[in-house]
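Structural overview
Spelled out, the chains give:
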Amino acid sequence: MTRFAELKDLLIGNKLTIAVAESLTCGLVQAKLGEISGASGFLEGGITTYNLEQKVKFLCVDEFHAQSVNCVSKKVAIEMATHVSRIFGSNIGIGTTGYAEPYPEEEVTIPYCFYALYLHLKPSESPTVIANKIQIGGLDRNLTRHYFADTVLSRLILELRERVR
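What comes next is a walk through the structure. (Residues numbered from 1 in each chain as written. Predicted model: local features only at pLDDT ≥ 70, side-chain atom pairs only at ≥ 80, totals over all residues. Heavy atoms only, no water.)

1. Brief notes about the environment of Tyr-112
Its place among the elements puts Tyr-112 in strand S4 (residues 112–119). A residue is classified by how much of its surface remains accessible, and Tyr-112, at 15% relative accessible area, is buried. Sequence separation between Tyr-112 and Val-72 is 40 residues, and the spatial gap between their C-alpha atoms is 9.5 Å. Among residues more than four places away in sequence, those in contact with Tyr-112 are Leu-24, Val-72, Thr-97, Gly-98, Tyr-99, Lys-133, Ile-134, Gln-135 and Phe-148. (Helix = DSSP H or I, 4+ residues; strand = E, 2+ residues; numbered from the N terminus. Buried < 20%, exposed > 50% of the residue type's maximum accessible area, 1.4 Å probe, protein only. Contact = heavy atoms within 4.5 Å.)

This is the structure we're talking about:
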């Protein structure tokens, strides 16, 4: 049993599906979902877009805004989550973008991640979007990316607990 088994129960029990658009986490969120037995019952798919051109082409990210922030902002994460949900026809979309290590060219001293959760849990209700910033220092690049992926999925579980039970 993976540490995200509760997510499976929340999704399947409420007939919800999920899709993921990743940059910073580069497929880790999808991989962690795929570790859950029965993931095919809720995971529609995902896409990793690591540069501006691909984010614009596949996820309809606002090119001018994204270029001005090196593709890292709350708005970019929201656009990623919203459009991946539409592409895959899922109830839930996740978007992640950020820096896994210090990046002096952009004045990033502590790694951070913007993530967004696009939640369209009931057809009769309007979608809700939750977007936040997570940051952590002192870990290497790969541990940082895993930390961000784990945190995003944990926060999704908290949101679903509040909204679907």
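2. Some remarks on the sheet that holds strand S5 (residues 128–135)
Judged by pairing direction, the sheet is mixed, and its five strands sit side by side in the order S2-S1-S3-S4-S5 without closing on themselves. Only two strands of the sheet have a single neighbouring strand rather than two, namely strand S2 (43–48) and S5. Each neighbouring strand pair of the sheet contributes to a mean axis angle of 15°, computed without reference to strand direction. Pairing geometry for S4 and S5, over eight bridges, is antiparallel. Within S5, the position partnered with Leu-117 by the bridge is Ile-130. (Pairing = 2+ DSSP bridges. Axes fitted to C-alpha atoms, helices over the stretch in contact; angles between N-to-C directions.)

3. Overview of the pairing of S4
In terms of burial, S4 is largely enclosed, as eight of its eight residues are buried. The two faces of S4 match: Tyr-112, Phe-114, Ala-116 and Tyr-118 on one face and Cys-113, Tyr-115, Leu-117 and Leu-119 on the other face are all buried. Bridge count between strand S3 (residues 92–99) and S4: eight bridges; the pairing is antiparallel. Counted as the bridge partner of Thr-96 is Tyr-115 from S4.

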